[in-house]
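# Secondary and tertiary structure notes
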Amino acid sequence: MNSVRTTLEATHSIKYKKNNRKSFDIRLFAGGFLSHDDTNFGRSPLTLTSQGFNDWFYDDFYFGRTAQSGFLAQQINLGNGGFKVPVNRGDFGESNRFLMTLNLKADLPMKIPLNLPIKPYLDLGIVDYTALSSSNELEFFYNAGVALDFFDGMLGIYFPLVGTESLMNQQPNFGSRISFNLDLNRLNGFEALRNISM
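Figured I'd write up the structure that's included with this text. Please read these numbers as outputs of a predicted model, since none were measured by experiment.

Cut-off values and rules
Residue indices begin from 1 for each chain and proceed along its sequence in written order. Residue-level local features of this predicted model are given only where pLDDT is at least 70; pairs of side-chain atoms are given and counted only at 80 or more, and the full residue set underlies all totals for whole chains, interfaces and linings. Neither water nor hydrogens contribute to the side-chain values; these are computed over all heavy atoms in the structure. Here a helix means four or more residues in a row that DSSP labels H or I, a strand means two or more in a row labelled E, and each is numbered from the N terminus. Buried residues are those whose accessible area, probed at 1.4 Å on protein chains only, stays under 20% of the maximum for their type, while exposed residues exceed 50% and partly exposed ones sit between those limits. Here, two residues are considered to be in contact whenever any of their heavy atoms come within 4.5 Å of each other. At least two bridges found by DSSP between two strands is the condition for calling them paired. The residues that make up patches have over 30% relative accessible area and no salt bridge, and they are joined within 9 Å when like-charged or within 5 Å when they are Val, Leu, Ile, Met, Phe, Trp or Tyr. For the area figures, the Shrake-Rupley method with a 1.4 Å probe applies, and any residue is considered shielded solely by the protein chains shown. Between Lys or Arg on one side and Asp or Glu on the other, a salt bridge is scored when a side-chain nitrogen of the former is within 4 Å of a carboxyl oxygen of the latter. A pocket, in this scheme, is an open set of points on a 1 Å grid over the protein atoms alone with protein on both sides within 12 Å along at least 5 of 7 lines, while a cavity is a set where a 1.4 Å probe fits but cannot get out; residues line either one if an atom lies within 4 Å of a point. Grid points are joined across faces, edges and corners, and a volume is the space filled by probe spheres set on the points. As a working rule, the residues Ala, Val, Leu, Ile, Met, Phe, Trp, Tyr, Cys and Pro are called nonpolar, Asp, Glu, Lys and Arg charged, and the rest polar, with Gly in that last group.

### Comments concerning the overall build of the chain
Summing up its helical and strand segments, the chain has three helices and eleven strands in all. Across the chain, helices and strands are ordered from the amino to the carboxyl terminus as β-β-β-β-β-β-β-β-β-β-α-α-β-α. Scored against the burial criterion, the 198 residues of the chain give a buried share of 44%. Considering only contacts in the chain between residues 6 or more positions apart, those separated by 24 or more positions represent 60%.

### A few points about the environment of Leu 104
Inspection of the secondary structure puts Leu 104 in strand β7 (residues 98-106). Given a relative accessible area of 18%, Leu 104 falls into the buried group. Residues within four places of Leu 104 in sequence aside, it is in contact with Phe 24, Asp 25, Ile 26, Pro 120, Tyr 121 and Leu 122.

### Description of the pairing of strand β10 (residues 155-163)
Note that strand β9 (residues 138-150) and β10 share eight bridges and pair antiparallel. The residue of β10 that forms the bridge with Val 146 is Phe 159. Taking the residues between adjacent antiparallel strands as the criterion, β9 and β10 are bridged by four residues, where Phe 151 takes a positive phi near 55 degrees. Pairing analysis gives four bridges linking β10 to strand β11 (residues 179-182), with the strands arranged antiparallel. Its bridge partner being in β11, Ile 157 is matched across the sheet by Phe 180.

### Some thoughts on the sheet that holds β7
Taken in spatial order, the nine strands of this open sheet run β1-β2-β7-β8-β9-β10-β11-β5-β4, and their pairing is mixed. Each edge of the open sheet carries a strand with a single partner, namely β1 (3-16) and β4 (50-51). Pairing of β1 with strand β2 (residues 22-36) involves 14 bridges; the strand directions are antiparallel. From the neighbouring strand, Val 4 faces β2, where its bridge partner is Ser 35.

### What to know about a nonpolar patch on the surface
A cluster of nonpolar side chains, contributed by Phe 63, Phe 71 and Leu 72, occupies part of the molecular surface with about 330 Å² of accessible area. Within the secondary structure, Phe 71 sits in the loop between β4 and β5 (75-77). With a relative accessible area of 57%, Phe 71 lands in the exposed category.

### Topic: empty space enclosed by the protein
Taken as a whole and judged by the stated rule, the model has one cavity of 30 Å³ or more. What lines the largest cavity is simply Asp 60, Phe 61, Tyr 62, Gln 75, Ile 76, Asn 77, Asn 181, Leu 182, Asp 183, Leu 184 and Asn 185. Those elements that provide at least two residues to the lining of the largest cavity are β5 and β11. Looking at the lining of the largest cavity, the element that brings in the most residues is β5, giving three residues. Partitioned by chemical class, the residues of the lining of the largest cavity number five nonpolar, four polar and two charged.

### What about the pattern of salt bridges?
For the structure on display, the rule yields seven salt bridges. Here Arg 27 makes a salt bridge to Glu 9, at a shortest N to O gap of 2.9 Å. On the criterion of sequence distance, the pair formed by Arg 27 in strand β2 and Glu 9 in strand β1 is long-range, its members being 18 residues apart. Linking Lys 119 and Asp 149 is a salt bridge whose minimum nitrogen-to-oxygen distance equals 3.0 Å. Taken together, the residues Lys 119 in strand β8 (residues 118-128) and Asp 149 in strand β9 connect sequence positions 30 residues apart. Look at the salt bridges and you will find they share partners, linking Lys 105, Asp 107, Lys 119 and Asp 149 into a network.

Functional significance is not addressed by these values, which are geometric in nature.
Structure follows, in structure tokens:
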């Protein structure tokens, strides 16, 4: 398989409230294939939701990389399209042509009981959907919900509340739509060693 794939990711955080402790976070992702000799997905399509089974380059840590059901199958990564609804294996939300998403997340301006890091989120995306059964046109997807965002996003638990029907139907019930992200790549052991004071 020969392909030339390019991606662009841009993030911006708008700080507000006293001491800039609250933020409105914006992430834009766009990716496309400049050339591709396998339009039947091949090994590395762009994806709306990053999960263990589509981590083609083994860039991330997944406890259930090959899990097909259960809690471990609900682990996601906020790469690629950054959507937070786990999808079933197969070609749903994958493209070997073009994918673009906008991910928004915000701190609530008021104080939350127990200081829980509750944040509403919204994901918007368009996919040049390359499923064999599709009409090969751009498809629009969205999903919105509430996140518990711990340790500056290193651990997140996502509760999708609304979304495009085809996306929400990927999982049979609300419980199986809940996902979590544990970004162990952000644990930089060398940086931690540098900051040890003796």
